[in-house]
Amino acid sequence: MSASSTLRVAVIGGDGTGPEVTAEGVKVLKAVAQHEGFPVELKHYDFGGERYLATGEVLPAGALEELRFFPAILLGAIGHPDVPPGILERGLLLELRFKFDQYINLRPVKLYPGVETPIKGKGPEDIDFVVVRENTEDLYCGMGGFLKKGTRDEVAIQTAVYTRKGCERCIRWAFNFTRKRNKKKRLTLVAKTNVLTYGHDLWWRTFQEIAKEYPDIQTDYNHVDACCMWMVKNPEVYDVIVTTNMFGDIITDLAGIIQGGMGVAAGANINPEPGGTSMFEPMGGSAPKYTGTHQINPIACISATAMLLEHTGYEKAASRVMRAIQYVTGHKMKSQAAGKMGYTTQQVGDLVVEALDLPDHQT
């Protein structure tokens, strides 16, 4: 996508504080587009808990076909206290991931300046790695069922699914990403090959085969439980981690805490193929108790906006946003916790917009 072409973005504010943080992401997106001289076309959608309660539908007819024409979706958060768990998650989040084949979940784990980590003695130079999580297989396929449900003899079966195609395309993408990232050039496979001897054996063999094509990349392996220990003890050993869907879901929440909490953690669900639709979101959830209080931290959503820009080909704009974010966290905000930032949600967004004007040496 050229710098002069129109960037088309679908915006799904979602539930709770989701619309509040996406408003700040959109504010920064519009501002950086003006700086860099490219047009942005936005379309807002009301998908989420309120729509479901009013209409009984999560995604209306034709929604997927319409969203398919956008290269990027900016999602606020999904989760409504009056909607039973699983309805919105499966009907919206997983539906979009699966139908748009967003087979890469990308989670940068970066400690911004001025942000506190619970790991004593570690700073921004120590916590800077990326988790590449396979996003369309494993236990999330929904295969399984019940036998004698509701009785004392009930049996529940949940089947994890792994395919050679699914493993290979994720692992190969991770190798290419590690090469492009060009830092430690180390890719660590995280799995549990000593216990999960079928699916994770497939991951292990595929990883070893593809590694032969990338002699410039150093490879490593961690059992998932060991990874959780090392991530806390020595996070600086990691550059890029590639892992399965279920384990990636778990370790990225641990990673979010060591980078300062979910208020700063952003992620992407990527379809890397030409013409694919990808989705970018903060990791903090809908936080309904803060709805309307203007206390929630928008930094994660603004970081997701920077990821959106980078993925859609606007690398210079993405770098400008990231520099502005780090200036604001390092020089302006008192804390990343909701209600303790020293500013309202909107004011933090304004600060990032102001910092877009700063020259590189000041940010």
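Quick note: structure is the one above.
So, a few notes on the structure that sits alongside this text.

The rules behind these values
- Residues numbered from 1 in each chain as written.
- Predicted model: local features only at pLDDT ≥ 70, side-chain atom pairs only at ≥ 80, totals over all residues.
- Heavy atoms only, no water.
- Helix = DSSP H or I, 4+ residues; strand = E, 2+ residues; numbered from the N terminus.
- Rg over C-alpha atoms; globule rule 2.2 N^0.38 Å.
- Buried < 20%, exposed > 50% of the residue type's maximum accessible area, 1.4 Å probe, protein only.
- Contact = heavy atoms within 4.5 Å.
- Lys, Arg positive; Asp, Glu negative; His and termini not counted.
- Charge placed at Lys NZ, Arg CZ, Asp CG, Glu CD.
- Salt bridge = Lys/Arg side-chain N within 4 Å of Asp/Glu carboxyl O.
- Pairing = 2+ DSSP bridges.
- Axes fitted to C-alpha atoms, helices over the stretch in contact; angles between N-to-C directions.
- Core = buried A, V, L, I, M, F, W, Y, C linked by side-chain atoms within 4.5 Å.
- Phe/Tyr/Trp six-rings, centres within 6.5 Å; stacked < 30°, edge-to-face > 60°.
- Lys NZ or Arg CZ within 6 Å of the ring centre and 35° of its normal.
- Parallel < 35°, antiparallel > 145°, perpendicular 65-115°, else oblique.
- Left-handed = near helix turned anticlockwise from the far one by under 90°.
- Right-handed = clockwise from strand over helix to strand, strands pointing away.

Looking only at helices and strands, the chain has eleven helices and twelve strands in total. Taken against the 2.2 N^0.38 rule, which gives 21 Å for 363 residues, the C-alpha radius of gyration of the chain at 20 Å falls within 12% of a compact globule. C-alpha extents for the chain along the principal axes are approximately 55 × 55 × 40 Å. Burial analysis of the chain (363 residues in total) assigns 50% to the buried set. Taking contacts inside the chain between residues at least 6 apart in sequence as the whole, the part at least 24 apart equals 77%. Computed over 39 positive and 42 negative side-chain charges, the separation of the two mean positions in the chain equals 3 Å.

Under the counting rule described, the total for this entry stands at 24 salt bridges. One salt bridge in this structure joins Arg-205 and Asp-201, with 2.6 Å as the shortest N-O distance. Taken together, the residues span about one helical turn, with Arg-205 and Asp-201 both in helix α6 (residues 199-211) at a distance of four residues. Take Arg-205: its relative accessible area is 38%, and that puts it in the partly exposed class. On the basis of relative accessible area, Asp-201 is assigned to the partly exposed category, the value being 30%. Salt bridges sharing common partners tie together Lys-110, Asp-128, Arg-181, Lys-183 and Asp-239.

All right, on to the sheet that holds strand β12 (residues 278-282) then. With mixed pairing, ten strands are arranged side by side in an open sheet as β2-β1-β3-β12-β11-β4-β5-β10-β8-β9. In the strand order of this sheet, the two ends are held by β2 (40-45) and β9 (218-223), each with one partner. Sheet twist, expressed as the average angle between the axes of neighbouring strands with direction ignored, equals 20 degrees. Strand direction decides the pairing type here: strand β4 (residues 104-110) and strand β11 (residues 266-270), joined by three bridges, are antiparallel. Residue pairing for β11: Leu-106 is matched across the bridge by Ala-268. Across the sheet, helix α1 (residues 18-36) is in contact with β1 (7-14), β2, β3 (72-77) and β12; its angle to β1 comes to roughly 160 degrees. With respect to the sheet, helix α9 (residues 299-311) is in contact with β1, β3, β4, β11 and β12, its orientation differing from that of β12 by roughly 160 degrees.

Here the focus is the environment of Asn-222. Here Asn-222 shows up in strand β9. Separated by 41 residues in sequence, Asn-222 and Gly-263 place their C-alpha atoms 28 Å apart. For Asn-222, the contacting residues outside a window of four places in its chain are Thr-188, Leu-189, Val-190, Ala-191, Cys-227 and Tyr-238.

This part covers the nonpolar core. Leu-106, Val-242 and Leu-309 are the most contacted members of the largest nonpolar core, which has 85 residues in total. Sorting elements by how many residues they give to this core places α9 first, with eight residues. In this structure, Leu-106 is in contact with Val-130, Val-131, Val-132, Trp-173, Phe-177, Ala-266, Gly-267, Ala-268, Ile-270 and Met-307, ignoring residues within four places of it in sequence.

Once that is clear, we can look at the packing of aromatic side chains. The tally for this structure, following the rule as stated, stands at eight aromatic pairs. Summarising the aromatic geometry, the rings of Trp-173 and Phe-177 are spaced 5.3 Å apart at their centres and angled 10 degrees between planes, so their arrangement reads as stacked. Taken as a pair, Trp-173 and Phe-177 lie in helix α5 (residues 164-181) at a separation of four residues, close to a single helical turn. Side by side, Trp-173 and Phe-177 carry an identical accessibility label, which is buried. Ring-pair connections join several aromatic residues into one group, and the members of that group are Tyr-45, Phe-47 and Phe-70. When the ring centre of Phe-70 is taken as reference, the NZ or CZ atom of Arg-8 above it lies at 4.3 Å.

Next up on the list: the packing of α9 against helix α10 (residues 315-331). One way to put it is that α9 packs onto α10 with a least axis distance of 7 Å and a crossing angle of 160 degrees. When the axis of α9 is compared with that of α10, the two are roughly antiparallel. The element α9 and its partner α10 pack so that their crossing is left-handed. Side by side, α9 and α10 meet where Ile-299, Ile-302, Ser-303, Ala-306, Leu-309 and Glu-310 of the first sit next to Glu-315, Ala-317, Ala-318, Val-321, Met-322, Ile-325 and Thr-329 of the second.

A few words on the pairing of β2. Here β1 runs beside β2; their pairing, made up of six bridges, is parallel. Looking across to β2, one finds that Ala-10 is bridged to Lys-43. For the segment spanning β1, α1 and β2, crossover handedness is right-handed.

This part is about unusual backbone geometry. The phi angle of most residues is negative, glycine excepted, and most peptide bonds adopt the trans form. One non-glycine residue with positive phi stands out, namely Asp-101, at about 50 degrees. Examined against the element boundaries, Asp-101 turns out to sit in the loop between α4 (87-99) and β4. Here Asp-101 falls in the partly exposed class, since its relative accessible area comes to 27%. The phi angle at Asp-138 is positive, at roughly 70 degrees, despite the residue not being glycine.

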